[in-house]
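Residue-level listing of the chains:
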Amino acid sequence: MALPLSSKITIIFSIFTILSTRFVSCNNGRRLNNDPLEAEFNSFSVPLEHSFEVDDVANFEVRGALVLKAGREPSVSLAQQQLSEYDRAKLKEVAAVDGLYRIRVPRVLLQADRQTERLMDGHLTAFVRACAMVESHLSDVITLHTDVAGHLIGVSIVTIPGACRGSEVEDEVDLEAFNTTLSIMAPVNAPGPETALFLERMELETEKKGKNPQEQKSFFAKYWMYIVPLVLFLMMSGAQDPSGGGAGGGAANGGGR
Amino acid sequence: MAKLIFLWLKCLVSCCIVEAVFEDQVGKFDWRQQYVGKIRFSHFDSHVQSSKKVLMATEKNVFAALNTRTGELFWRHVDKTGPEGNIDAFLLHGQDALLVVGNGRLLRSWDISVGGLNWEVVLDSGSFQSACLIGQQDTVKHVAVLKKTVISVHYLSNGHQKWIENLPESENIDYQALYSGGNGEVYVLGIVPHSHIAIVVYSMEDGEIIKQTSVEAPWLSNIQTSCAVVGQGMITCVDSLTMSLYTLDMHTQSKMTQIPLQSLGLEVTPHFHPVLVSHQPNAAHQPLSEFLLQLGPEHHLLLQLNSGQMVVLRDFKPVRHMTPVLTSCVFVSESEHNLQIDILLKGLLHLSLFNAETGRRLLDTTQFLSIDPNVGKPESIYVQAFLKKDDSVSYRVLVQTEDHTLTFIHLPGRVMWTREEALSEVVTMEMVELPLTGTQAELEGEFGKKADGLLSMVLKRLSSQLILLQAWVSHLWKLFYDARKPRSQVKNEISIENLSRDEFNLQKMMVMVTASGKLFGIDSKTGSILWKQYLNNVPSNAAFKLMVQRTTAHFPHPPQCTLLIKDKDTGLATLHVFNPIFGKKSHITPPALTQPILQSLMLPLMDQDYAKVLLLIDDQYKVTAFPSSKNVLQQLQETDLTTTQIWEVIIPTEIQKVVTVKGKRSNEHVHSQGRVMGDRSVLYKYLNPNLLAVVTESTDVHQERSFIGILLIDGVTGRIIHEAVQRKAKGPVHVVHSENWVVYEYWSTKSRRNEFSVIELYEGMELYNSTVFSSLDRPHAPHVLQQSYIFPSAISAMEATLTEKGITSRHLLIGLPSGGILSLPKMFLDPRRPEIVSEQSREENLIPYAPELLIRTEWFINYNQSVSRVRGIHTAPSGLESTCLVVAYGLDIYQTRVYPSKQFDVLKDDYDYMLISSVLFALFFATMISKRLAEVKLLNRAWR
C-alpha cells in the first residue's frame, strides 16, 4: 500500500518477466560449451544458423550451437564462434547496402522422450537489418518461443541499440565476438476472473462492519453534511441538464483513455 | 472512511454515463430495417376474402407474414439458426399454419391472423420425410407426419397425437411420400430403389393397416422427384430413360401401366430430369386430374388423366420466332381451376392465366411487365387468384428473383412493392463520405488547378464567386418559397442527384455487400436504398473483401471502391471496381487474375490519381498491383513485383489452429500517447501499428485440456511480442484490437460462463523513440498487463467505437443474442483496475476491480429496437469528434450514432438561446447603467 503505484507496476512487470523467461548465460564465444550440462540426459543441441548476403538470397551457415535443456523449466545456452575476417567484411558490405541479417533454427519439440522425435521438418526464421547488427557491435537478443506442448514456434532477434545511425565501426574490436542475450519463453497463463480474492475482500469488509456496528449505523448521521449537498447537486444538475453536462462528462470520461 | 465513501460516490458519478434516449429522440438518429431472407415456402392467406397477408417460411428459419399492399411485416418469428431451426414443411389450413421444424423435431401451429402460437408438440426422433393434411368428409381435422420409421397423426385443434404407428419393413423400404384423398385413408408411399414401390394404407380412425401392396418399378429411384398423385388416387411417374409415363391406380391395380411419351408425340430434352406437378386444392378432396409435366428447362405441358386416358391439353412450347423463355408454371387455387404460366421474354415478364380443365387462356389475364435487368432471372413465383366483383378472374403475383428480391405485382402490370431480401445477409460493408455539392466542388477545383497566369486566375475566381452568389440566391428563394407552405409538406427527399455532404459529415453512403452478390448503396441518415447492383457471375461460396481505394476527398477524381470476389474452393478471384456514390461500374479495367489469390492488402501509397495501391499475391508468390501505373512502380522502387519470405513462425496444427488474425484499423487515430498516473508520471502506450493479434483454439476439445492461445506478433519482424494461454476455455472467440489493447471474449469450460479478457501493452515510463515508430527499431519488449472479467451473456458480435481524432473515450459495442446492442465503456475493461483501492488509483479515476461486468439497461443503444442475429457491427467516424456512426447488421440492419463521451462539442437541441442572450443583454445594460450611476456619484462626491 505504501509503495507508489509505479513501483508496484514495476514489480508486477518483473514478476511477469521472471515467470515467463529464464535468462541464461550469455556466451562470449571464446570457448565451446563443455559443461557437464551437455552430457545430461535431457539436453540436446541444435544449430543456430545465420545468413547475410549482398544479393539478399538466403545462404545459411552455422553460427553456433544452441543447447536446449528440456524439462519442466526449459532452458537454453549458446556456444558460438567468432566471426571470421571474411564474414566481418561481408557483414559490413551488407550493412552498407542495407541488407538483412537473418537467423534460423530448426523446429524442435522440447518435451519429447526420444532424440528422433525432437527434430521436426522446417525452420523458424527471423531477421534484423544488417546495419543494426554492425552498429550494435553484434549485441543481439535472441528469444525462442515455445507453445504449450513444448514445440518451438518462433524465434526473434533484436539488437540493442536497434537503430542505424551510420556510425563508424572498427572491424577488429567491435565485430569480433557476438554478445548474445538468449532466452526461451513459454506462453504465459492468462489470468481468469479473480473471484476468490474479491470474495475474500468482501468478507473482510462485512466482518469489519460486524465488528463496530455503531460506526456503520451512524454513517448517515455522521456524513449527512456531505451527502445532502451532493444529492441536491445531483438532482439540480439532473433537472437542468438531462443529457448530462457535455464537456464535464467528456473530461471525466477522459480518464478511460 | 468518509473520504473513501465520498470518493467512491465521485467515482460512480463519473462513470455512470447515462446514455438512454429520450422518447422524442426515438427514430431521430437511428433506423432499423427488418428482413426475412430467401423464401422456401410461401402461401397466400385465402381464408378471408379481404385478407392482405402473404405468409412465408424462409431459408433463414424465419416465419413471417407480409402485408400484400405495402410489403411491410405484420409479424415475424425468428427461430434458431442452423439445422435446429430449419423449417421442413409448411402447411396452411384456414387460420392455422402448420410448421415442421428442425428435421421433424417439432410440430407447431400458428394463428396467422395475429401470429400467435396455438400449440407446439415435440415429435419422436427420426428424420423427417413428409407431412400432409388429412381430410375426412369435407373437413380437415388432422395432420400426418411421416418420418423414416414412423407415421403419426395429430389433431389440428390441439396438436395431440391421435395415433402413431411403426412402418412395416422400414429398414428396407425408404418411405417418402404421404397422400390422403379425403376418404378416411392415409396412403404411405415407399420405395426400394430400382425394385418396387410399397404402398401402405392406414385407417384414419385407429391407425390400423388396411392394405399393403408392392408394385414392380425397377426404373424408379425416387418418388418425390419423379411421381405425383393425380385424380382419383392415380400414381403417375415419369422416367427419362424409358421415355415413358407410368400410371397406377392405388385402389385397384397392382401393376403399372406404361404410356410412352412418343405415343403422345412428346420427347424429353436430353440430360433433363422431367418433373411432374399435381395439385390438390383442398386436403378433403381428391387432387385434380390435370397435371403439369416439364420436359425441358423451357418446355411445359398440361396433361389430363381421365379414366386411364392421357390427353395433352396444352403444350407450352416456346414459339420459335418470339424466342420466349418459359421459366415456370404453377397451379393457382381458386374456386375455378386456374393455371398460371409465365414466360420470360428477354427481360420482360409475360404472365397469363389458363383454365386447367380446358387449357384455354382466360381473357384479360395477360400482362407484360418489364423487370429491371439488374435483378437476375425469376427463381420462383407465388400467385394469388381471386374473383373480382364482376366475377372475372384477377390475380396478384409474388416473384422472387435470383438476387433474392421480392416483387409483388398486380394485374395490369403494376409493381406494388419490392423487398430487397438480399440485405438479410450482409457480408461486409464500408461507409463512404458523400461528395461535396457542385458549388463547393467548383471552389475546391480552383485550388486544385495549377496556376496559369494572373488574369485567368482572377477570371476563374470571379466566375466561381458568381456561381456561389447564384447558388445563394436560389437557396434564399427556396427558403422563401418553402416558408409559405405548411411545415409538414416540406420534405427533404433524398435522391442520388441531391446527395451532398452535410455540415458535420454525419450522413454517409453505406456500401453493403450481400452474400447473393448484390451490392447496395444506402443513405445512412434515412436508410433508403439509393442504388443497387447485382453481380450475376458471383459464385455461391464466394468470399468478399471491400476496399475504398479513393475517397471523395480528391475532386475531380471520382471516389472508387474495389470489391474482391474470391471463390473459396478454387481461390480464383475477380475485381469489381465501382463508384460507391452512384454504384456505377468504373471504366477502369482491373487486372485479369489468372492465378488463385492468397492474399490482398491495401498500401497507404497513392498513385498520381490519388488511388491507394492494392496488392494481390497469388499462389506463385507473384504480386499484382492495382493500379499498376509507372508512378506506382516507381514508388515501390520495383519493376517486377515479387515476394521473399523473411520471417516464419510455425504453429503446429496438431496442438492448436489459428481462428482469427486481427490487425488494427488503418483509419484509427490515437490522441494520447500515454496515461497520466496518480503520481503525475506518464505511462506510455505501446502503439505498434504493425501488431497482429492471432487467436488460436486447441484441437483437443476435452473441457479440462482445451485452451485458447493469444499471440501478439509484429507483422514486420515476425517477433512474438506476447504469448498467452487461456486454459480451460474454448471458442467462439470474439476479438477487438485497437490502440494498445486487445479485448477478447471466450467460453470458460471450467466455470461454464462467458468471460472477457483484456490485454494492454505499455512501453513503460519513458518512450524509446518518441518521434516515429519502427518495428525494426524497438528492441525492448513492452510490458503486458492482463485482467479478466465475467460477462453475464453470450455475445454475437463485437466492435470498438471510432472517432475522427481519437480524443473521445472508447466504448465497446457488443451485439447480444437477445437483440440488444450494448455500449460498454472501455474503462471497465482496464487491466489496471486495482483490487485494493489506493489514493493513487483514485486519483487516476480507476474503478476498483470487480470480477463481474454488469449489463446496465441504459447501456443498450438500440432501446427496444432489437436487432436479430447480429453478425457484424461496423463503426465509422463522423465529422464531429464526439460522434461515432454505428451500423449493426445481421438479419436486420440497424443504424445509429453513439456519443461515448457525450456530445461535448454540440449544443443540445433544446439549448436556450433566448435566456443566454437576454441575460447577456441585461448584464450589459446593468454595467452601463451602474457605470453611469457610479460616475454621477463620483462627481457628486467631488463637488461636496
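Residues numbered from 1 in each chain as written. Chains lettered and ligands numbered in written order. Predicted model: local features only at pLDDT ≥ 70, side-chain atom pairs only at ≥ 80, totals over all residues. Heavy atoms only, no water.

**A short note on the overall build of chain B**
- Along chain B, the regular secondary structure elements total seven helices and 59 strands.
- Structurally, chain B occupies a C-alpha span of about 130 × 75 × 75 Å along its principal axes.
- Within chain B, the fraction of its 944 residues that count as buried is 51%.
- Once local pairs closer than 6 in sequence are excluded, the contacts in chain B between residues at least 24 apart make up 50%.
- When the accessible surface of chain B is split by element, carbon and sulfur atoms take 54% of a total near 44,700 Å².
- Side-chain charges in chain B split into 88 positive and 96 negative, and the spacing between the mean points of these groups amounts to 8 Å. (Helix = DSSP H or I, 4+ residues; strand = E, 2+ residues; numbered from the N terminus. Buried < 20%, exposed > 50% of the residue type's maximum accessible area, 1.4 Å probe, protein only. Contact = heavy atoms within 4.5 Å. Areas by Shrake-Rupley, 256 points an atom, 1.4 Å probe, with all protein chains shown as cover. Lys, Arg positive; Asp, Glu negative; His and termini not counted. Charge placed at Lys NZ, Arg CZ, Asp CG, Glu CD.)

**Notes on the state of the cysteines**
- Inspection of every chain in the model, using the stated rule, returns two disulfides over all chains.
- The side chain of cysteine 131 of chain A participates in a disulfide bridge whose partner is cysteine 164 of chain A; the two sulfur atoms lie 2.0 Å from each other. The sign of the S-S torsion, about 85°, decides the handedness of the disulfide formed by cysteine 131 of chain A and cysteine 164 of chain A: right-handed. With cysteine 131 of chain A in helix H5 (residues 130-135) and cysteine 164 of chain A in the loop between strand S8 (152-159) and helix H6 (171-174), this pair connects stretches of sequence that are 33 residues apart.
- Owing to a relative accessible area of 7%, cysteine 131 of chain A belongs among the buried residues under this scheme.
- What pairs with cysteine 227 of chain B in a disulfide is cysteine 237 of chain B, and their sulfur atoms sit 2.0 Å apart. The sign of the 105° torsion about the S-S bond sets the cysteine 227 of chain B-cysteine 237 of chain B disulfide as right-handed. Taken together, the residues cysteine 227 of chain B in strand S18 (residues 227-230) and cysteine 237 of chain B in strand S19 (residues 234-239) connect sequence positions ten residues apart.
- Cysteine 884 of chain B provides the cysteine sulfur closest to cysteine 561 of chain B, a residue in no disulfide bond, and the two sulfurs are 19 Å apart. (Disulfide = S-S within 2.5 Å.)

**Quick look at the confidence of the model for chain B**
Residue and element names in this part refer to chain B.
- Across chain B, the average pLDDT comes to 84, with 91% of residues at 70 or higher.
- Per-element confidence in chain B ranges from a low mean pLDDT of 47 for helix H1 (residues 2-15) to a high of 95 for helix H7 (residues 913-943).
- Here residues 1-7 is modelled with pLDDT under 50, and outside its nearest four sequence neighbours on either side it reaches nine contacts, counting other chains as well.
- Confidence drops under a pLDDT of 50 for residues 320-324, and excluding neighbours within four residues, the segment shows eight contacts in the predicted structure. (pLDDT = per-residue confidence, 0-100.)

**Quick notes on the UniProt feature "domain: ER membrane protein complex subunit 1 C-terminal" (unreviewed entry) in chain B**
- The UniProt feature table records "domain: ER membrane protein complex subunit 1 C-terminal" (unreviewed entry) at residues 738-943 of chain B.
- Overall, residues 738-943 of chain B shows 17% helix and 30% strand. The separation of its end C-alpha atoms is 75 Å. (UniProt positions renumbered as here; feature names shortened; annotations may be inferred.)

**Re unusual backbone geometry**
Residue and element names in this part refer to chain B.
- A cis amide bond, omega -5°, links phenylalanine 626 with the succeeding residue proline 627.
- Along the chain, proline 627 turns up in the loop between strand S43 (623-626) and helix H5 (630-636).
- A cis geometry characterises the amide bond from glycine 731 onward to proline 732, with omega recorded as 0°.
- Take proline 732: it is sitting in strand S50 (residues 729-738).
- Of note, the phi angle at lysine 728 is positive, near 50°, even though the residue is not glycine.
- On the accessibility criterion, lysine 728 (26% relative accessible area) is partly exposed.

**Points about the nonpolar core**
- Ranked by size, the top nonpolar core spans 37 residues in total, and within it Leu66, Leu68, Tyr101 and Leu144 of chain A carry the most contacts.
- What leucine 68 of chain A contacts, discounting residues up to four positions off in sequence, is Asn42, Ser43, Phe44, Val46, Ser75, Val76, Val108, Leu110, Leu144 and Ile184 of chain A.
- Within the second largest apolar cluster, 22 residues are counted, among which are Phe756, Ala800, Leu812 and Leu829 of chain B. (Core = buried A, V, L, I, M, F, W, Y, C linked by side-chain atoms within 4.5 Å.)

**So, the packing of aromatic side chains**
- All chains considered together, the criterion is met by 20 aromatic pairs over all chains.
- Judged by centre distance (5.5 Å) and plane angle (25°), the rings of phenylalanine 52 of chain A and tyrosine 101 of chain A are stacked. Of this pair, phenylalanine 52 of chain A sits in the loop between strand S2 (43-51) and strand S3 (61-69) while tyrosine 101 of chain A sits in strand S5 (residues 100-108), and the two are 49 residues apart along the sequence.
- A residue is classified by how much of its surface remains accessible, and phenylalanine 52 of chain A, at 3% relative accessible area, is buried.
- Looking at tyrosine 101 of chain A, the relative accessible area reads 1%, which means it is buried.
- Where tyrosine 744 of chain B meets tyrosine 746 of chain B, the ring centres are 5.8 Å apart and the plane angle is 35°; that geometry is what we call tilted. In this structure, tyrosine 744 of chain B and tyrosine 746 of chain B share a single accessibility class: buried.
- Taken together through their ring pairs, the aromatic side chains of Phe63, Trp75, Phe90 and Trp110 of chain B make up a single cluster.
- Over the ring of phenylalanine 178 of chain A we find arginine 63 of chain A; its NZ or CZ atom is 3.8 Å from the centre of that ring.
- We note lysine 53 of chain B situated over the ring of phenylalanine 74 of chain B; from NZ or CZ to the ring centre the distance is 5.1 Å. (Phe/Tyr/Trp six-rings, centres within 6.5 Å; stacked < 30°, edge-to-face > 60°. Lys NZ or Arg CZ within 6 Å of the ring centre and 35° of its normal.)

**Topic: the sheet that holds strand S6 (residues 87-93) of chain B**
All names here are of chain B.
- Spatially, the four strands line up as an open sheet ordered S6-S7-S8-S9, and their pairing is antiparallel. Only two strands of the sheet have a single partner each, and these edge strands are S6 and strand S9 (116-122). Averaged over neighbouring strand pairs, the angle between their axes works out to 15° when direction is ignored.
- When strand S7 (residues 96-101) meets strand S8 (residues 106-111), the two strands line up antiparallel, connected through six bridges. Bridge pairing links leucine 99 to arginine 108 in S8. (Pairing = 2+ DSSP bridges. Axes fitted to C-alpha atoms, helices over the stretch in contact; angles between N-to-C directions.)

**Focus: a nonpolar patch on the surface**
- A cluster of nonpolar side chains, Phe220, Trp224, Met225, Tyr226, Val228 and Leu232 of chain A, forms an exposed patch at the surface whose accessible area comes to about 630 Å².
- Within the fold, leucine 232 of chain A resides in helix H9 (residues 219-240). (Patch = residues over 30% accessible without salt bridge, like charges linked within 9 Å, V, L, I, M, F, W, Y side chains within 5 Å. Salt bridge = Lys/Arg side-chain N within 4 Å of Asp/Glu carboxyl O.)

**Re a negative patch on the surface**
- On the surface, Glu23, Asp24, Asp910 and Asp912 of chain B cluster together to form a negatively charged patch.
- Relative to the elements of secondary structure, aspartate 912 of chain B occurs in the loop between strand S59 (893-898) and H7.

**Thoughts on the pattern of salt bridges**
Residues and elements named next belong to chain B.
- Under the criterion given, the structure shown has 32 salt bridges over all chains.
- Note that aspartate 79 is salt-bridged to arginine 108, the shortest N-O span being 2.8 Å. With aspartate 79 in the loop between strand S5 (73-78) and S6 and arginine 108 in strand S8, this pair connects stretches of sequence that are 29 residues apart.
- For arginine 108, a relative accessible area of 12% puts it in the buried group.
- In this structure, the salt-bridge partner of glutamate 420 is lysine 532, at a minimum N-O distance of 2.7 Å. A residue pair is termed long-range when its members are at least 10 positions apart, and glutamate 420 in strand S33 (residues 414-420) and lysine 532 in strand S37 (residues 529-534) qualify at 112 residues.
- On the accessibility criterion, glutamate 420 (5% relative accessible area) is buried.
- Given the relative accessible area of 29%, lysine 532 is considered partly exposed.
- In this structure, a network of salt bridges that share partners links the residues Asp403, Glu420, Lys518 and Lys532.

**Topic: the sheet that holds strand S12 (residues 150-155) of chain B**
All names here are of chain B.
- Sheet architecture is open: four strands sit in the order S10-S11-S12-S13, paired in antiparallel fashion. With one partner strand each, in any of the chains shown, strand S10 (128-136) and strand S13 (161-166) form the two edges of the open sheet. Strand after strand, the sheet turns through a mean of 15° between neighbouring axes, direction not considered.
- Bridging between S12 and S13 involves five bridges; their strand directions are antiparallel. Bridge assignment links isoleucine 151 to a residue of S13, and that residue is glutamate 165.

**Section: the environment of glycine 184 of chain B**
All names here are of chain B.
- As for its position among the elements, glycine 184 is in the loop between strand S14 (174-179) and strand S15 (185-192).
- For the pair formed by glycine 184 and alanine 284, sequence separation is 100 residues and the distance between their alpha carbons is 9.3 Å.
- In this structure, glycine 184 is in contact with Gly135, Gln136, Tyr202, Ser203 and Met204, ignoring residues within four places of it in sequence.

**Describing the pairing of S8 of chain A**
All names here are of chain A.
- With eight of eight residues buried, S8 is to be regarded as a mostly interior element.
- In this structure, strand S7 (residues 139-146) lies alongside S8, joined through seven bridges in antiparallel fashion. Looking across to S8, one finds that histidine 145 is bridged to glycine 154.
- Connecting S7 to the next strand, S8, in antiparallel fashion are five residues, including glycine 150 with a positive phi near 90°.

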